[in-house]
Amino acid sequence: MAQDNFSQVTEFILLGLSDTQELQLLFFTFFLLAYAMVLLGNVLIIVTVRTDPKLSSPMYFLLCNLSFIDICYTSVTIPRVLVALLLGHKAIAFEGCMAQLFFLHFVGSSEMFLLTVMAFDRYTAICRPLHYTAIMARGVCWALVAACWLGGFIHSIVQTVLMLQLPFCGPNTIHSFFCDVPPVVRLACADTTLTEWLMASNSGLISLGCFLVLVASYTLILAKLRAHISQGNGKALSTCVSHLMAVTLVFMPCIFTYLRPAGTLPTSKYVCVIYTVFSPVMNPLIYTLRSSEMKGSMWRLWKRCRAL
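It should be emphasised that the depicted structure is a prediction, and the values quoted were computed from it without experimental measurement.

Colleague: So what's going on with the sheet that holds strand E3 (residues 173-174)? Which residues, and what values?
Modeller: Spatial strand order, E2-E1-E3: 3 strands in an open sheet with mixed pairing. Among the strands making up the open sheet, the edge pair consists of strand E2 (91-93) and E3. For strand E1 (residues 11-14) and E2, the ladder comprises 3 bridges, and the chain directions are antiparallel. Among the inter-strand pairings, Glu11 is bridged to a residue of E2, identified as Ala93. Of the strands in this sheet, E1, E2 and E3 touch helix H3 (residues 94-127), which is tilted by about 85 degrees from E2.

Colleague: Describe the UniProt feature "transmembrane region" (unreviewed entry) in the protein, with residues and values.
Modeller: If you check UniProt for "transmembrane region" (unreviewed entry), the listed places come out as residues 25-47, 59-78, 98-120, 140-158, 204-225, 237-258 and 270-289 in our numbering. As annotated, residues 59-78 has a helix share of 100% and a strand share of 0%, and its two end C-alpha atoms lie 28 Å apart.

Colleague: Tell me about the side chain of Gln24, and name the residues and values.
Modeller: Counting through the fold element by element, Gln24 comes out in helix H1 (residues 21-51). Not counting chain neighbours up to four residues away, the residues in contact with Gln24 comprise Ser18, Asp19, Leu85 and Lys90.

Colleague: Can you lay out the layout of surface pockets for me, pointing to particular residues and giving the numbers?
Modeller: Considering only enclosed or pocket space, the second largest pocket measures out at about 230 Å³ in volume. Considering the residues around the second largest pocket, the lining is formed by 14 residues, among which Val49, Arg50, Phe61, Cys64 and Arg138 are closest to the centre. For the lining of the second largest pocket, the secondary structure elements donating two or more residues are H1, helix H2 (58-87) and helix H5 (138-164). At 5 residues, the largest contribution of residues to the lining of the second largest pocket is made by H2. When grouped by side-chain class, the residues that make up the lining of the second largest pocket number 8 nonpolar, 3 polar and 3 charged.

Colleague: Run through the pairing of E1, naming residues and quoting values.
Modeller: As a general feature of sheets, a regular strand has side chains that alternate between the two faces. Burial of the side chains of E1 is restricted to one face: Phe12 and Leu14 are buried, whereas none of Glu11 and Ile13 on the reverse face is. The pairing of E1 with E3 spans 2 bridges and is parallel. The residue of E3 that forms the bridge with Ile13 is Thr173.

Colleague: If you had to explain H3 to someone new, which residues and values would you point to?
Modeller: Taking 1.5 Å per residue as the helical rise, H3 with its 34 residues ought to reach 50 Å, and the 49 Å between its terminal C-alpha atoms agrees with that figure. Across the 34 residues of H3, 26 count as buried, placing the element largely inside the fold.

Colleague: Requested: an account of a nonpolar patch on the surface, with residues and values cited.
Modeller: On the surface, Leu150, Phe153, Ile154, Ile157, Val158 and Val161 cluster together into a nonpolar patch covering about 490 Å² of accessible area. You can see Val161 is positioned in helix H5. With relative accessibility at 41%, the residue Val161 sits in the partly exposed group.

Colleague: Any details on the state of the cysteines? Residues and values, ideally.
Modeller: The full count for this structure, using the stated rule, is 2 disulfides. Across the disulfide from Cys97 sits Cys179; the S-S distance is 2.1 Å. The S-S bond linking Cys97 to Cys179 shows a torsion near -120 degrees; that makes this disulfide left-handed. Taken as a pair, Cys97 in helix H3 and Cys179 in the loop between E3 and helix H6 (181-185) lie far apart in primary sequence, 82 residues in all. Since its relative accessible area comes to 0%, Cys97 is described here as buried. In this model Cys169 forms its disulfide with Cys189; the gap between the sulfur atoms is 2.3 Å. Of this pair, Cys169 sits in the loop between H5 and E3 while Cys189 sits in the loop between H6 and helix H7 (193-226), and the two are 20 residues apart along the sequence.

Rules used in this analysis
- Residues numbered from 1 in each chain as written.
- Predicted model: local features only at pLDDT ≥ 70, side-chain atom pairs only at ≥ 80, totals over all residues.
- Heavy atoms only, no water.
- Pairing = 2+ DSSP bridges.
- Helix = DSSP H or I, 4+ residues; strand = E, 2+ residues; numbered from the N terminus.
- Contact = heavy atoms within 4.5 Å.
- Axes fitted to C-alpha atoms, helices over the stretch in contact; angles between N-to-C directions.
- UniProt positions renumbered as here; feature names shortened; annotations may be inferred.
- 1 Å grid on protein atoms, 1.4 Å probe; cavity = no way out; pocket = protein on both sides within 12 Å on 5 of 7 lines; lining within 4 Å.
- Points joined across faces, edges and corners; volume = space filled by probe spheres on them.
- Nonpolar A, V, L, I, M, F, W, Y, C, P; charged D, E, K, R; others polar.
- Buried < 20%, exposed > 50% of the residue type's maximum accessible area, 1.4 Å probe, protein only.
- Expected span 1.5 Å × (residues − 1).
- Patch = residues over 30% accessible without salt bridge, like charges linked within 9 Å, V, L, I, M, F, W, Y side chains within 5 Å.
- Areas by Shrake-Rupley, 256 points an atom, 1.4 Å probe, with all protein chains shown as cover.
- Salt bridge = Lys/Arg side-chain N within 4 Å of Asp/Glu carboxyl O.
- Disulfide = S-S within 2.5 Å.

Structure follows, in structure tokens:
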């Protein structure tokens, strides 16, 4: 792969978040706890939704898929970071770096599309309740989820192909804890202006476009709920608030990172922690603590497990 695009670099060095020994121990603990929370929280959501017939609505079907995506998303980066912090091995092969970049954008963009679908689901449930069952039928939900994965795959293929066209023949130090477009493209031994604009148009416009659709859908939802304050609408409003919290954690850092060429401003590696670690950790908490149905189902699952 490195030979095909005339690269002489065979590996990259991931500097991580800090070289200080004490901070590395702190970061190892943080990433380990975060990964454990992501796995436990999202597996719990998946098991709860799959085992409780009361959670058969499209909203929980989509939530189950979001949990699966969060598990995949964090598994692309965090295990590699834990090994590097524990063993001090910061090198990653050129092929491994490109693979990490591909899967990061594949799963990450699929999550953006899925969050947009979840916003459409809430809009349909609140603004068009009489047609909700027909619009969000199970077959439609499966098709929407498949479209999210397909869209993420196409986006990631484009990013990876653009990256593989660049020659890497000199610096190989990446000022981050994982391989991503902005820090890697700066290492290319060529004029990357056009490539950077193409990548910004791809990743940045996807992030911004999905975010604008989400804002529009929630604006319509809030306008619908404003004149009808009731217990049912209060529950719907609570669901929308939790979704907005998750959306903000995902989209704002991504828009800041990708909606500009990589060489214009340096990308903070600490900002990357928000959408690669913090957001997947918070999603299970946001969706479970704000949902009385999820909490009730988890309590029933706990009692069944104790009875075994």
